[in-house]
Amino acid sequence: MASNSDASPMSKNPPQQMAPKKKAPLSFALRARNFAARSLRFGSGVVGIAVAANVASHYYELKQVDTFFGDSADSSSDKEGTQSDDKSKSKTKRCVLVLPFQNLKVVERRSGGDFDDLKRLGPDRDKQPTIVLEAKELVKIIHTAASDPNITALHADFGEGMRFPCGLGHMEEIRNAIRVFNESHRAHRDPNINHNPVFAMPRNGDPKPSYAFGHSFQWNEYFLASSFSYVHLQSRGALHLFGVTASNTFLRSALDRYGIKAHVFKHGDYKTAPNIFTEDKYSKPHLEAVKSMTASLNSTICSCIERSRDLNFDSVMWKSIFDYGSLTSANSAEIGLVDSIFPVDPLLSLLHANKEKKEDKENPTTAKKAKLEEIFGLNKSFDKFVATEQVSLVKYHEMMKKKAKLEKRRKYFTKLAESSTAASLILSTIGLAPREANLLPSKVEKVAVVTVDGNIGSSLAYEIIEALRKIRADNAVKCLVLRVNSPGGSVTSSEAILEELKILEKPIICSMSNAAASGGYYIATSCEKIFANPTTTTGSIGVFGVKFDASKWAKDYGIRTDYYPHGSHAASLNPFVPLTPGSKENISRMTVGFYDYFKSIVATSRSMSVDEVEQVAQGRVWTGEQAKEVGLVDRLGGLDSAISFAKSSHTKSESVDVEYWPRKRGFWDLISGKESFAGIISEAASLVKNPSNETDSIVHLFNEMSELKFAERPHFMLTIDEKTALDLILRGE
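All values derive from a computational prediction rather than experimental measurement. (Residues numbered from 1 in each chain as written. Predicted model: local features only at pLDDT ≥ 70, side-chain atom pairs only at ≥ 80, totals over all residues. Heavy atoms only, no water.)

Across its full length, the protein holds 27 helices and 23 strands. Across the 733 residues that make up the protein, the buried fraction comes to 44%. A fraction of 77% describes how many contacts in the protein between residues 6 or more apart in sequence connect residues 24 or more apart. For the protein, the accessible area works out to roughly 39,500 Å², and carbon and sulfur atoms hold 54% of it. (Helix = DSSP H or I, 4+ residues; strand = E, 2+ residues; numbered from the N terminus. Buried < 20%, exposed > 50% of the residue type's maximum accessible area, 1.4 Å probe, protein only. Contact = heavy atoms within 4.5 Å. Areas by Shrake-Rupley, 256 points an atom, 1.4 Å probe, with all protein chains shown as cover.)

Rendered as structure tokens:
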């Protein structure tokens with residue numbers, strides 16, 4: 001091994017590797033610029049992915065809608081009714097749209113919005129389903145099906161009866177929609193005009209059949225079922241046609257038993273809502289009003305059934321039917337109220353027979369008839385049924401909503417494309433906007449529909465006023481349609497809505513639903529035209545005040561109240577203080593003032609004198625048909641009629657958007673608004689909590705006393721419905 005001394009001189013100091021120079025730290029500005037560049041690249045990638053995902057979602061939904069509706073969108077938009085070419089016909093399906101009325105709940109407005117769908121995830125999801133639809137949604141579905149070449153028939157399943165009551169006003173609008181379907185070979189200018197050929201124009205094609213099947217029918221259910229082309233009844237079923245019935249509850253004896261007295265101050269002999277507190281039975285004016293209203297409703301329903309069924313019944317015949325009792329299936333078929341009697345619903349058998357028809361190419365008609373006659377006998381109504389598959393109401397509604405969403409998105413992209421050439425090029429390249437420019441007007445006119453649904457109290461008034469203020473600020477809204485489905489409510493809440501309507505500075509058209517009476521008619525006085533269905537309940541121009549006296553109740557329980565008022569009326573609101581002459585005069589004076597003002601605004605709105613208003617006021621309730629005769633309503637028709645009038649009278653362009661207010665609550669509204677998850681859980685817990693067994697009489701006594709909070713103020717009401725009055729009083733509104 002060589003020593004280090006033997007190394008060459010060159011190896012004594014070998015060159016060392018030079019250390020790399022340290023980079024100077026980047027300045028803050030440079031680091032920020034680099035970070036921004038990386039973020040921009042990352043953000044661009046994320047945006048690109050998001051855009052691609054949205055485009056893919058758009059095309060997926062578009063494919064779904066196109067597959068479901070096929071060429072129906074093109075054919076339905078053909079105003080002249082020309083038939084599609086042979087290629088389109090080959091793609092057309094043959095479907096029957098099923099309307100499950102036995103499980104259908106028709107409402108004016110779904111308060112829960114789309115969140116209602118989550119109820120299907122609950123513990124009752126496997127039980128009998130409940131489908132909740134707004135009346136206007138169901139009408140639109142039937143109208144769409146009428147112009148959809150894929151839908152060849154309607155089938156209504158009433159089962160053992162409608163589980164949820166449906167208002168007569170809603171039934172009339174649904175009936176008219178079914179009439180439009182039955183007359184699908186015509187183009188209807190106004191689909192809510194009842195059996196008026198002036199509003200229907202000839203169109204190519206054949207009428208579509210509609211079928212109704214039920215195990216039995218009550219009076220209101222048959223009113224709806226009779227609008228279908230064919231009514232089928234189960235073999236052991238019956239028609240319970242007893243006519244319109246009115247029922248009222250009276251609490252006077254119950255209040256007397258508990259020592260509570262209701263002092264009522266009213267103007268109008270026919271203002272009968274407070275009779276729930278003061279009477280034990282119908283008073284003479286109350287009975288007179290009930291007889292008049294039920295007779296009018298009965299007459300309207302009988303006339304509608306006669307027209308739909310092509311019957312020639314006189315009043316004697318109808319009275320015989322009402323007095324006879326339940327009609328068996330054989331009785332019903334004999335007098336023409338039903339078309340056929342079947343052991344089961346024939347829908348599935350008809351669909352199965354039509355599918356097998358394709359297999360027997362030699363003699364398909366004979367095979368189909370033989371199979372059906374074996375079960376149901378010979379029936380001519382089956383010849384018009386050509387459907388081979390059924391479409392559920394939920395599925396059809398879901399696809400309609402997707403189609404509407406795609407149309408709304410198309411309008412948005414088209415408007416965006418018109419804003420710049422670059423945007424137009426990009427959007428048209430990926431197919432999100434048409435290549436042609438200016439397909440949409442720069443400013444789309446709107447008609448706003450505001451729905452006042454339910455008892456008019458402070459909470460509903462707040463919601464309506466908020467909507468009206470947003471509509472007033474929108475210059476694109478050219479007209480407001482006030483949709484009223486309310487028996488009335490408190491004076492102050494009705495007045496708050498009316499005053500907001502007065503300063504709207506836009507024309508207002510009123511559409512009355514099932515009821516628009518008292519407070520509901522009060523707010524309608526702001527409208528230039530009032531539309532009502534013949535069976536709408538309206539009028540009730542009157543007011544009443546209530547002051548509860550629980551002094552006897554307190555005395556019975558040994559409760560003594562002492563007070564020192566600084567004025568004559570300071571203690572008059574105390575429920576334990578009896579009504580004094582001064583308080584009586586005060587409440588009576590306010591009631592008179594409210595009634596006189598009510599009559600004055602009606603006189604101004606309807607171009608009548610106050611004396612003329614008095615003749616139709618006094619709290620008298622009218623049907624829509626009667627109200628038109630006495631001048632309280634302008635035209636008979638539903639919501640579509642009112643919207644059609646608003647468009648033709650107050651808009652100039654053909655493209656008019658219809659917006660519905662108040663807006664439906666979405667998921668984020670639910671968790672961020674007043675109705676938090678905690679509130680919902682708390683409310684749900686209160687519904688299932690078992691009531692405790694109170695043994696302590698003192699605790700029980702004070703629990704009862706807490707329920708008297710409703711009596712701490714006088715209540716002035718504009719309502720026809722005793723249930724509404726009681727509800728608002730107990731809620732303190």
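Of the residues in the protein, 68% have a pLDDT of 70 or more, and the chain-wide mean is 79. Mean pLDDT across the elements of the protein ranges from a minimum in helix H2 (residues 72-76), with 41, to a maximum in strand S17 (residues 529-532), with 97. Considering only residues more than four positions removed or in separate chains, one finds that residues 72-90, a stretch of pLDDT under 50, has 17 contacts. Confidence drops under a pLDDT of 50 for residues 195-201, and excluding neighbours within four residues, the segment shows 16 contacts in the predicted structure. (pLDDT = per-residue confidence, 0-100.)

Right, let's get into the pairing of strand S14 (residues 477-486). Of all 10 residues in S14, nine are buried, a share of seventy percent or more. As paired strands, strand S13 (residues 445-453) and S14 are joined by eight bridges and run parallel to one another. Its bridge partner lying in S14, Ala448 is registered against Leu480. Traced from S13 through helix H16 (residues 458-472) to S14, the parallel crossover comes out right-handed. Taken together, the six bridges between S14 and strand S16 (residues 508-517) define a ladder with parallel strand orientation. Paired with Val484 across the bridge in S16 is Met512. (Pairing = 2+ DSSP bridges. Right-handed = clockwise from strand over helix to strand, strands pointing away.)

Turning next to the environment of Phe382. Its location among the elements puts Phe382 in the loop between helix H13 (364-376) and strand S12 (389-392). Under the relative-accessibility criterion, Phe382 is labelled buried at 3%. For Phe382 and Leu347, which are 35 residues apart along the polypeptide, the C-alpha to C-alpha distance reads 10.0 Å.

Our next topic: empty space enclosed by the protein. Across all of its chains, the model carries one cavity of 30 Å³ or more by this definition. Estimates place the volume of the largest cavity at around 40 Å³. Among the residues forming the lining of the largest cavity, the class breakdown is six nonpolar, two polar and no charged. (1 Å grid on protein atoms, 1.4 Å probe; cavity = no way out; pocket = protein on both sides within 12 Å on 5 of 7 lines; lining within 4 Å. Points joined across faces, edges and corners; volume = space filled by probe spheres on them. Nonpolar A, V, L, I, M, F, W, Y, C, P; charged D, E, K, R; others polar.)

This part is about the environment of Ile341. Checked against the element boundaries, Ile341 lands in strand S11 (residues 340-342). Residues Ile341 and His215, 126 residues apart in the sequence, show an inter-C-alpha distance of 10.0 Å. If sequence neighbours within four positions are ignored, Ile341 has contacts with Leu233, Gln234, Ser235, Ser329, Ala330 and Ala333.

Packing of H16 against helix H17 (residues 491-502) leaves a shortest axis separation of 9 Å and a crossing angle of 5°. Here H17 runs roughly parallel to H16, going by the angle between their axes. Contacts between H16 and H17 pair Ser458, Ala461, Ile464, Ile465, Leu468, Arg469 and Arg472 from the former with Ser493, Ala496, Ile497, Glu500 and Leu501 from the latter. Its residues placed into classes, the contact of H16 with H17 shows seven nonpolar, two polar and three charged. (Axes fitted to C-alpha atoms, helices over the stretch in contact; angles between N-to-C directions. Parallel < 35°, antiparallel > 145°, perpendicular 65-115°, else oblique.)

Positionally, Thr538 belongs in strand S18 (residues 537-539). With residues up to four places along the chain from it excluded, the contact list for Thr538 reads Met512, Ala516, Ala517, Tyr521, Arg620, Val621, Trp622, Thr623 and Ala627.

Okay, the nonpolar core next. Residues Leu99, Phe101, Leu138, Phe158 and Tyr396 are the most contacted members of the largest nonpolar core, which totals 64 residues. Here Tyr396 is in contact with Phe68, Phe69, Leu97, Ile141, Thr144, Ala145, Asp148, Ile151 and Val391, once residues within four sequence places are set aside. Of all hydrophobic cores here, the second largest spans 46 residues; its members include Ile471, Ile497, Leu504 and Trp661. (Core = buried A, V, L, I, M, F, W, Y, C linked by side-chain atoms within 4.5 Å.)

The next point concerns the pattern of salt bridges. Applying the stated criterion across every chain yields a total of 20 salt bridges. Of the charged contacts in the structure, one is a salt bridge between Glu137 and Arg110, with a shortest N-O distance of 3.1 Å. Taken together, the residues Glu137 in helix H4 (residues 135-147) and Arg110 in the loop between strand S2 (104-107) and strand S3 (131-134) connect sequence positions 27 residues apart. With relative accessibility at 13%, the residue Glu137 sits in the buried group. With its nearest N and O atoms 3.3 Å apart, the salt bridge here joins Arg469 to Glu500. (Salt bridge = Lys/Arg side-chain N within 4 Å of Asp/Glu carboxyl O.)

Here the focus is the packing of aromatic side chains. Applying the stated criterion to the full structure yields 21 aromatic pairs. Residues Tyr211 and Tyr230 carry aromatic rings whose centres are separated by 5.3 Å and whose planes lie at 20° to one another, so their mutual orientation is stacked. One end of the pair, Tyr211, is in strand S7 (residues 210-218); the other, Tyr230, is in strand S8 (residues 230-240), with 19 residues separating them in the sequence. Exposure remark for Tyr230: the relative accessible area of 15% places this residue in the buried category. Between Trp553 and Tyr557 the ring centres are 5.2 Å apart and the planes differ by 55°, which places this aromatic pair in the tilted class. (Phe/Tyr/Trp six-rings, centres within 6.5 Å; stacked < 30°, edge-to-face > 60°.)

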